[in-house]
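What follows is the residue order along each chain.
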Amino acid sequence: MPLHRSAAIVLAILLAACTQPPAVATPTPTVPTPQPTIAATPVPATANPAVTVPTIPATVAVEIPVKGAALLVLDITTAVCTPRPPCVTSLPKIAALIKKARDAKVPVIYSETTAAGASILPEVAPQAGEPSIKASSDKFFNTNLDQLLKDRGVENAVVVGSASNGAVLYTTFGLNLRGYTAVVAVDGISANVDWPTNFVQWQLLNEPGFTNADNKPLDKQHVTLSTTDKIAFK
């Protein structure tokens, strides 16, 4: 074959090789690698800690010396007592205790809230000469209650009223704070429902700095829990 013919054939082969499209590689399908299954670690059930309801000591009988005694009747009014069935239920017992105090010549002191138009209920209304003060929950705040007690030589104050978790709680603490000994008639205190009154009974015996956890009768400058029928003025 002539040389020029051979060269032409080689050149044609090279050109053909250059113009052919490159081979496209077929992609290899990706198979996801299975992840190991991790079992969820169960959270151990945590039992609610047992709720211990403190025991309130039983009420005790109390003989209060007439000299140095007073009875505080707190907020037994149309605004506070009338809307509260537990307070209305307590009225006969409060009235009986008031009579007991009056018969023994023990001073009776009343309180009212600042609610407009409210009045002390007639079942327990003050008699002539029995003072009444007006304040919110703490009956010592911005009133002359402390002076009224001092003027009468009071050492032991008996407390009834509503609300147990308001006027009764804060005024009784105020008594202890000022050096008075308090007796609370638990059947003569009330709130909207019973459970605040139950709590208040415990709190009164466990006031910070004025604790009488065993409910020792007439423990000085502390609170004693009694009932209207167990309180005597001697």
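Above this text is the structure in question.
Keep in mind the model is a prediction, meaning the values are calculated, not measured.

Engineer: Mind showing me how you'd approach the overall build of the chain here?
Structural biologist: Counting secondary structure elements, the chain contains five helices and 10 strands. Taken across its 234 residues, the chain has 41% of its residues classed as buried. Looking at the chain alone, contacts between residues at least 24 apart form 74% of all its contacts between residues at least 6 apart.

Engineer: What's the story with the state of the cysteines in this structure? I'm lost.
Structural biologist: By definition, a disulfide links the sulfur atoms of two cysteine residues through a covalent bond. Applying the stated criterion to the full structure yields one disulfide. Through a disulfide, cysteine 81 is tied to cysteine 87; the S-S separation comes to 2.1 Å. Across the disulfide from cysteine 81 to cysteine 87, rotation about the S-S bond amounts to roughly -110°, and the bridge is consequently left-handed. For the pair shown, cysteine 81 and cysteine 87 are each scored as buried.

Engineer: Please explain the side chain of lysine 139 as it appears in this structure.
Structural biologist: Tracing the sequence through the fold places lysine 139 in the loop between β4 (132–134) and α3 (145–151). Here alanine 135 takes part through its backbone oxygen, which lies 2.8 Å from a polar atom of the side chain of lysine 139.

Cut-off values and rules
- Residues numbered from 1 in each chain as written.
- Predicted model: local features only at pLDDT ≥ 70, side-chain atom pairs only at ≥ 80, totals over all residues.
- Heavy atoms only, no water.
- Helix = DSSP H or I, 4+ residues; strand = E, 2+ residues; numbered from the N terminus.
- Buried < 20%, exposed > 50% of the residue type's maximum accessible area, 1.4 Å probe, protein only.
- Contact = heavy atoms within 4.5 Å.
- Disulfide = S-S within 2.5 Å.
- Polar contact = N/O pair within 3.5 Å; in protein donor to acceptor, adjacent residues only side chain to side chain.

Geometric descriptors of this kind do not, in isolation, establish any biological role.
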